[in-house]
Each structure stands twice: as C-alpha cells, then as structure tokens.
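In case you want the letters, here they are:
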Amino acid sequence: MKVAVVGATGLVGKVILQLLEERNFPVTELLPVASARSLGKSITFRNIEYKIQSVDDAIAASPDLAIFSAGGSTSLRYAQAFAERQCIVIDNSSAWRMDKTKPLVVASVNDHHISNEHYIIANPNCSTMQLMVPLAPLHKAFQIKRLVISTYQSFTGTGKQAVDQYEYEKANQTYNSEIAAYPHKIFANCIPHCGDFGDDGYTTEETKLVNETRKILDDPSIQITATAVRVPVFGGHSEAVNIEFEKAYDLEQVLDILKSTPEVILQNEAENNLYPMPLNAYETDPVYVGRIRRDHSIQNGLNMWVVADNLRKGAATNTIQIAENLLQSGRLPK
Ligand code: A2P
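All values derive from a computational prediction rather than experimental measurement.

## Concerning a nonpolar patch on the surface
Consideration 1: Nonpolar side chains collect at one region of the surface, where Tyr-275, Met-277 and Leu-279 lie side by side and expose about 310 Å² of accessible area between them.
Consideration 2: Secondary-structure assignment places Tyr-275 in the loop between β11 (264-266) and α8 (278-281).

Have a look at this one:
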C-alpha cells in the first residue's frame, strides 16, 4: 500500500510514522511530505531512508492512503486533490471536521459514520478525542444533558514551535517573542488561551470541544461549556469533566461501564493515590480515567478526570486505528 504522510517532520507526523512501524501497518511505499523548508532532508522508516517530497509529487504518485497532519490550510488546499484520485485521506487538522459531508471519527466510538463514498475522514481535536472514549458509553447508558469541561493541555499539542519555545524558556528563563508560539511564557505558567479568540470570548479549542462532541455523539441537544488551558506539561492532556445525566445512575454502574470500555484504563483508587497523570500516559495509547465521584450539587451529576497522550490517542493512534479499520473492511488494499 502506498501511503503519503503529509507533515512527516512534525510532532504528530513523527508519531504517525512510529505507529505505522510499531503496528506493522502494511506500507509498501512511503511518501513522506513536508513543507518546502524540508525538501532535501530525509527520514528513516523501517531502517530505510526516504527523501522528503512535495505535496504535488505525492499527489502525482496516487497513493492509496494520505494521512495529513500539516495544519488546516495545507489540508484545505491539498486533501481534495488526493481524494479525487480515489486516495483515502485521514486528516488531523480542523479543516473538514465540521463539514456535514465528511465524517468526524473516533475509532471504536463512531466508525459507523464512515461510508464507502467518504474519501476524506476527519480526525477530531485531541481534547475532544480522548473525552469521547469514556463519554460515549456513558451517554448511551444515562444520556448526557450537560458537560462542563476544563482542559489542561500539553504544549506539544501546538506543534514544534511550542516545544522550541518551552525548551528555550527552560534554558534561558526568559520569553523571546521572535520564536514564541504563544503570546506569553509557557515555562512555569498556565495560559488560558488555546487557539484563537472568537467574538463570544471563547477560544477555538473551546468551541471545537462543543461542536465536535455533538457531531461525534450524534446529539446536538447536549449542552456543553469549556475552558481550555495550555500547561507546561509533556506527555498528555488532562481534563476535569463535570457531567449532568438525564437519567439517574449508580456509581458502580459507571465504574462497570468504564471497566468494560475498550481503550479506557481506570485509575480510580484514592486510597492508593492512584489517579491519571500525563507523566504516566506519555507514549501510551489508552485513555486513563479516575477521580470518579458524584457531584452532590446537582441531580445525576458526576465528576471525573480524563488523561491521554495527546500525540497518540489524541491524534496519531486514532488516525492509524481508522486506517486499520478501513483495511479490515477492504477499503484499503492488504
Ligand atoms: P516542515 O517541517 O517542513 O515545516 P508541527 O505541527 O509539529 O508544527 O508540524 C507541522 C508539519 O506540517 C511539519 O511536518 C511541516 O513541515 C508540515 N507543513 C507545514 N506546512 C506545510 C505545507 N505547506 N506543505 C506540506 N507540509 C507542510
């Protein structure tokens, strides 16, 4: 199978290449694509060196699968050209997520949204992604009425520039606007500003959580409000989630559902100081859930804490899982 990875030199792109290798995805020809800045460089995949190529060269090579992780504008500009050649595109950017004609898919949650006429499949935003894994089965059981989400998002979610900013500030203890991805120092700080501000005062990350959750869970009636915060943390995004269900629940039922949900690992033992933390989620695929407790201030309320490696399940892992499912269903050649 000919596979193009657009954004192969980026943070998510690198994890995608690593996972294609780790999970033995049947790539017979790799087309690593990056910006003009990287032309002439190479990357190593399965001990073979591949030269970075341009998007146009990759389109001309007519791959079977193109995985995009190079920002929204690159996806908007080039994804259709791949799709027109019957190449399936799995896109990590926000370009197509809210397009009614494109499915927005969390593997194991709503794979059924993909049908044979879909050539562009959107991968959700990292914060939404990890949340859907434990929320989907709880929604099915007790019907979510309202969600209040507070995120503590790793700077790695912003990409290479943010990592460079963090490393610079750690070494020099000073902010340098010339290289910064953020308008403030991220080292030893928390920035309540993820993405861009909209007219209503919410940031794009907060709005994505609202809109993408409704689309994935197929339920526009869920009331959602969010605050997204960037934190100087490697390894994963953390989320404090307050849920109000329509139906009454029993805490044991919630725990049983989460225990039997694939990809969820319960870390819910207060007596042993066991709860999810990004340090432990780092470089792993599951979504970790803990601090599960009843919200005594409302009827049918529940609080929990959800952590996952934002570059793995929040981005690259889900992309590969979607591709694996397409392979299983025969849409990609074995
Ligand atoms: P490059 O390394 O040449 O800049 P990150 O999200 O970590 O910042 O990475 C973004 C990825 O998207 C990088 O691989 C980057 O390549 C790639 N990229 C950015 N702009 C383009 C473009 N116009 N065409 C192809 N790849 C691009």
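Having put the structure on the table, let's press on.
## Describing unusual backbone geometry
Consideration 1: Positive phi, close to 80 degrees, is recorded for Glu-263, a residue that is not glycine.
Consideration 2: Counting through the fold element by element, Glu-263 comes out in the loop between α7 (251-259) and β11.
Consideration 3: At Glu-283, a residue that is not glycine, the phi angle is positive and equals roughly 65 degrees.

## As for the nonpolar core
Consideration 1: Counting 56 residues, the largest nonpolar core has Phe-82, Leu-138, Leu-147, Ile-243 and Met-304 as its most contacted members.
Consideration 2: Here the element with the most residues in this core is helix α4 (residues 126-142); it accounts for eight residues.
Consideration 3: Two domains each donate at least three residues to this core, and these are domain 1 (2-123 + 315-329) and domain 2 (127-310).
Consideration 4: Phe-82 has contacts with Ala-4, Val-6, Val-55, Ala-58, Ile-59, Pro-63, Ala-66, Phe-68, Cys-87 and Val-89, leaving out every residue within four places of it along the chain.
Consideration 5: In terms of nonpolar packing, the next biggest core, distinct from the first, is built from 35 residues, Met-1, Val-3, Phe-25 and Ile-52 among them.

## A word on the site of the ligand
Consideration 1: Contacts to the ligand come from 15 residues, most closely from Thr-9, Ser-35, Arg-37, Ser-38 and Lys-160.
Consideration 2: Here an oxygen atom of the ligand sits 3.3 Å away from a polar atom, N or O, in the main chain of Gly-7.
Consideration 3: Between the ligand and Lys-160 there is a distance of 2.6 Å, counted from an oxygen atom to a side-chain nitrogen or oxygen.
Consideration 4: Taken by itself the ligand offers 570 Å² of open surface, and the protein chains cover 77% of this.

## Examining the domain arrangement of the protein chain
Consideration 1: Partitioning the protein chain into domains gives domain 1 (2-123 + 315-329) and domain 2 (127-310).
Consideration 2: Each of domain 1 and domain 2 has a C-alpha centre, and these two points are 25 Å apart.
Consideration 3: Surface buried jointly by domain 1 and domain 2 totals about 1600 Å² across both partners, of which 60% is contributed by carbon and sulfur atoms.
Consideration 4: Taken together, the links from domain 1 to domain 2 amount to nine residue pairs in polar contact (both at pLDDT 80 or more).

## Topic: the side chain of Arg-312
Consideration 1: Here Arg-312 lies in helix α9 (residues 312-328).
Consideration 2: The residues contacting Arg-312, other than those within four sequence positions of it, are Val-15, Gln-18, Leu-19, Glu-22, Glu-283, Thr-284, Asp-285, Thr-317 and Asn-318.

Conventions and cut-offs
- Residues numbered from 1 in each chain as written.
- Predicted model: local features only at pLDDT ≥ 70, side-chain atom pairs only at ≥ 80, totals over all residues.
- Heavy atoms only, no water.
- Patch = residues over 30% accessible without salt bridge, like charges linked within 9 Å, V, L, I, M, F, W, Y side chains within 5 Å.
- Areas by Shrake-Rupley, 256 points an atom, 1.4 Å probe, with all protein chains shown as cover.
- Salt bridge = Lys/Arg side-chain N within 4 Å of Asp/Glu carboxyl O.
- Helix = DSSP H or I, 4+ residues; strand = E, 2+ residues; numbered from the N terminus.
- Core = buried A, V, L, I, M, F, W, Y, C linked by side-chain atoms within 4.5 Å.
- Buried < 20%, exposed > 50% of the residue type's maximum accessible area, 1.4 Å probe, protein only.
- Domains from an automatic or database assignment.
- Contact = heavy atoms within 4.5 Å.
- Near = heavy atom within 4 Å.
- Polar contact = N/O pair within 3.5 Å; in protein donor to acceptor, adjacent residues only side chain to side chain.
- Buried area = accessible area lost by both parts, 1.4 Å probe.

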